[in-house]
Amino acid sequence: MRRAAIVDGNQAGIVLALRQIGATVHITSGLGQGYPDLNVGLRGVTYLLEVKRPGEKLTEAEARWHEQWQGHCVIVYSVDDALKAVGAI
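Just so we're clear, the structure is a prediction, and the values are computed from it rather than from any experiment.

1. Examining the sheet that holds strand β4 (residues 74-76)
Next up, step 1: The four strands are arranged β1-β2-β3-β4 in an open sheet whose pairing can be described as mixed. The open sheet is flanked by β1 (24-27) and β4, the only strands paired with a single partner. Each strand axis lies, on average, 30° off the axis of its neighbour in the sheet, ignoring direction.
Next up, step 2: Across three bridges, strand β3 (residues 45-51) lies against β4 in parallel orientation. Pairing of glutamate 50 across the sheet is with isoleucine 75, part of β4.

2. Side note on the environment of glutamate 62
Next up, step 1: Relative to the helices and strands, glutamate 62 is located in helix α2 (residues 60-68).
Next up, step 2: Taking the C-alpha atoms as reference points, glutamate 62 and leucine 83, 21 residues apart in sequence, are found 22 Å from one another.
Next up, step 3: Discounting chain neighbours no more than four positions away, the residues touching glutamate 62 are Gly34, Glu50, Lys52 and Lys57.
Next up, step 4: Within the structure, glutamate 62 has its side chain in polar contact with the side chain of lysine 52 (distance 2.7 Å).

Conventions used here
- Residues numbered from 1 in each chain as written.
- Predicted model: local features only at pLDDT ≥ 70, side-chain atom pairs only at ≥ 80, totals over all residues.
- Heavy atoms only, no water.
- Pairing = 2+ DSSP bridges.
- Helix = DSSP H or I, 4+ residues; strand = E, 2+ residues; numbered from the N terminus.
- Axes fitted to C-alpha atoms, helices over the stretch in contact; angles between N-to-C directions.
- Contact = heavy atoms within 4.5 Å.
- Polar contact = N/O pair within 3.5 Å; in protein donor to acceptor, adjacent residues only side chain to side chain.

Rendered as structure tokens:
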């Protein structure tokens, strides 16, 4: 049985800010197995974002996922980090 996903407290603010700049945001934190928390689409580009609280580290499952993933994924800690990750600032 899979544990319930823990949503970082800063995720709601990050999602709101991304949507305010016109991004499509799908919250994927409930998928588990280390998959990133957010799929973000903006100006024809898809971004994968892993949301963490400042000072928080990846879980074992997240670290494994990041090690094997050959695409782009950014760990973000704040609204500014997320906006930078998608090229909005």
